[in-house]
Amino acid sequence: MTTSAIPANTPAGPGGTPLVSAGPGIAGQVPAAPEPTEPPALTDRLNAMDRLVQLGTGRIEPVLLDEAEVMLDRAGQRLRLSGEHTVITLAGGTGSGKSSLFNAICGLELSPTGVRRPMTSKAHACVWGLDGAGPLLDWLDVDKRHRYARASALDLERADSTLQGLVLLDLPDHDSIQALHRAEVDRFVTIADLLVWVVDPQKYADAALHRNYIVPFARHAGVTLIVLNQIDKLQPDEVADCVADLRRLLEAEGLVDPRIVTTSAISEEGVRGFRDVLVDTVAAHSARSERLTADVDKLAERFADQRGTTEPATTVDDARRAELIDALTDAAGAPAVAEAMESAYELRAADFVGWPVTALVTRLRSDPLRRMRLTELRDELRGAFTGPIGAQQGDVDTALQGVTDGVTGDLPESWARSVRGAARSHAPELPEALGISLKDALPTFNQVPRWWWLVKTWQYFLVLVSVLGVAWIGMLVAYGVFEVGDSPNDLVGEAGLIPYVAILVICTFGMGALTSSACRNMVALSSSRHGERMEQHMRERISQVADEKVLTPVAAELNVYARFRTDVESVLP
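Owing to the predicted nature of the structure, the values given are computational and were not obtained by experimental measurement. Per chain, residues are indexed from 1 in the order of the written sequence. Totals for whole chains, interfaces and linings use every residue, but because this is a predicted model, local features are given only for residues with pLDDT of at least 70 and side-chain atom pairs only at 80 or more, for both listing and counting. The side-chain values count all of the structure's non-hydrogen atoms but skip hydrogen atoms and water molecules.

What follows deals with helix 15 (residues 393-400). With a 1.4 Å probe rolled over the protein chains alone, any residue whose accessible area is under 20% of its type maximum counts as buried; one over 50% counts as exposed, and the rest are partly exposed. Helix and strand assignments follow DSSP, with helices taken as H or I runs no shorter than four residues and strands as E runs no shorter than two, numbered in order from the N terminus. Among the residues making up helix 15, those that are buried are Val396, Ala399 and Leu400. Projected down its long axis, helix 15 carries its buried residues within an arc of 100°, all on one side. By the convention used here, residues are in contact when the closest approach between their heavy atoms is within 4.5 Å. Those residues of helix 15 that are buried lie in contact with helix 10 (318-332), helix 17 (413-423), helix 18 (430-441) and helix 21 (498-571). Two residues or fewer past helix 15, Gly402 is found with a positive phi of approximately 85°. Picture the helix axis, draw a direction to every C-beta atom, and the arc is the one those directions span.

Let's shift gears to the nonpolar core. Here the nonpolar core consists of buried residues drawn from Ala, Val, Leu, Ile, Met, Phe, Trp, Tyr and Cys, with membership extended through side-chain atoms lying within 4.5 Å. Membership of the largest hydrophobic core comes to 61 residues, with the highest contact counts inside it found for Leu46, Met49, Met71, Phe303, Leu324, Met538 and Phe564. No other element matches the 14 residues that helix 21 contributes to this core. What Leu46 contacts, discounting residues up to four positions off in sequence, is Met71, Leu72, Ala75, Leu79 and Val296. Ranked by size, the runner-up nonpolar core spans 40 residues in total, among them Ala123, Val189, Ala221 and Val239.

This part covers a nonpolar patch on the surface. Grouping into patches uses exposed residues only, defined as over 30% relative accessible area, and leaves out salt-bridged ones; the cut-off is 9 Å for like charges and 5 Å for nonpolar side chains (Val, Leu, Ile, Met, Phe, Trp, Tyr). The method behind every accessible area is Shrake-Rupley, applied with a 1.4 Å probe, and residues are considered shielded solely by the protein chains displayed. Each reported salt bridge corresponds to a side-chain nitrogen of Lys or Arg within 4 Å of a carboxyl oxygen of Asp or Glu. A contiguous nonpolar surface patch, about 280 Å² in accessible area, is contributed by Trp458, Phe461 and Met511. With respect to the helices, strands and loops of the structure, Trp458 is situated in helix 19 (residues 450-481). For Trp458, a relative accessible area of 33% corresponds to the partly exposed category.

Another point: empty space enclosed by the protein. A cavity, in this analysis, means grid points on a 1 Å lattice covering only the protein atoms where a 1.4 Å probe fits yet has no way out; a pocket is instead an open set bounded by protein on both sides within 12 Å along at least five of seven lines, and a residue lines either one if it has an atom within 4 Å of a point. Grid points are joined across faces, edges and corners, and a volume is the space filled by probe spheres set on the points. Throughout the structure, instances matching the rule amount to two cavities of 30 Å³ or more. One number sums up the size of the largest cavity: a volume of about 90 Å³. Those elements that place two or more of their residues in the lining of the largest cavity are strand 2 (86-92) and strand 6 (194-199). Of the voids in this model, the second largest cavity is the one considered here, and its volume is about 40 Å³. Lining of the second largest cavity is provided by Arg74, Arg78, Trp139, Thr190, Ile191, Asp193, Arg291, Leu292 and Asp295. At the level of secondary structure, the elements contributing two or more residues to the lining of the second largest cavity comprise helix 2 (62-80) and helix 9 (287-304). Only Asp, Glu, Lys and Arg are considered charged in this grouping, and only Ala, Val, Leu, Ile, Met, Phe, Trp, Tyr, Cys and Pro are considered nonpolar; every other residue, Gly among them, is considered polar. Considered class by class, the residues forming the lining of the second largest cavity number three nonpolar, one polar and five charged.

Let us now look at the pattern of salt bridges. This structure, assessed with the given rule, holds 26 salt bridges. Between Arg45 and Asp297 there is a salt bridge whose closest N-O contact spans 2.4 Å. You can see Arg45 sitting in helix 1 (residues 40-56) and its partner Asp297 sitting in helix 9, a full 252 residues away along the chain. Overall, Asp297 belongs to the buried group, its relative accessible area being 11%. A salt bridge links Asp173 to Lys98, with the shortest nitrogen-to-oxygen separation between them at 3.1 Å. Of the two residues, Asp173 is situated in the loop between strand 5 (166-170) and helix 5 (179-189) and Lys98 in helix 3 (residues 98-106); the sequence distance between them amounts to 75 residues. Taken individually, Asp173 and Lys98 each receive the classification buried, so the pair is uniform in this respect. Through salt bridges with shared partners, a single network forms among Arg45, Arg219, Asp297 and Glu301.

Here you go:
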């Protein structure tokens, strides 16, 4: 069968025969062929990892999230491209003979070889099967000058189809002194479906290869093939010893059951075993899924390290909730406000149930409080009803300490830190919110019990009776005792009525004082209950603030962590 190198996606002539160009190059693209669907498990795991990235953003180490995002983007692009093609890279060090091996598999001298190293400066690609290869090679970013199609130039039907769907890449040397060469190798190593490392008997233990590629990709043993090339330089018994030593070295570095193939590019028989591996890999159409699965497995283990071993709580327990409310209540000064309200309640009650005559006498005589300029204390107590109330930031911060201790003990440090951060997410807003909650809980200044008004009406009625009685006594003295003129009638002219009217005045004064004393006792008893009710009311308002500003964010963060743990389980193999 005649073979030739034809640039991938070369336009076809009559009868479907590709047109051979004078030099390598690409002149168009063929629409991608239908690709096999990926197993649902892989798609589900990728979706779960995408959720892990979203849930972990701002919570776990950014390096892991960045690597996961890059992998998800790479996997999404690879799954959208041809699944009929298997991308296999030949990578190795200087003098390993990978380019010779590449040419031997292709059957043509496509990649330059020689004594001067390195010879391969750009990746060379040989494609078996053109349909859908163009977009894939574009994604691989293979230079169009280095793309070749392996087929029969005279009779396509007689072309070798055993490697149909293979995209074989010859990479630059990984140990090249050129940084661009090493970067090219690093890029293809992360996107190839099957990694083939070509080593030679002299340098198979090269530290750069094992440190930079074998150890970091030890989890990819299923999609890694080690090719011991140039065995023609060894004696038959030396080949077995060399393979055994190479296997020991790879297993010590974490590769489980490494696959090793021996080759010699100087003869067709020398690459038959390697070619058979390529044929089986291409025919299975599973290398793409296995590679992506290995990528997911590698990251899944690192995400698992961010997950605790015990089932987390989803809320703050009742005991710690009560401690938080107590601490915020003290920080807001609710007990002091309740005591002030008790005093203000009693002072306000005195204006309604006190004996007005006593209040008048008090105002007329010298007041020590007024002399000491402390009468403002009464206004301050009354101002407790409607004045501005707030908590100090330091007291609030102290109240927030320890609220999450009960739920973060079993969490990884990164998640414990995020839960504690959620508890303090509204810390700057809490003092004002507590002040508003207390202010809303307090009654308005004009709200007084109805019986106070009844008592006040009764007291002023007694004052009126007392005033009328004193006026009556004065008229009796004037008309009945001193006879200043003719009395209008006997009620104001009969002096004998004076004792009786005086008794009436004394009784009204006594009733007023007795009413005041009794009401004050009632006020003293009810003010304590009033303070307790108001403190409970303020506590209820504070508990609403605690739930909204502290406990709800903590519960939300714990639920995020619970979903994170569930998605980690979905990602793990």
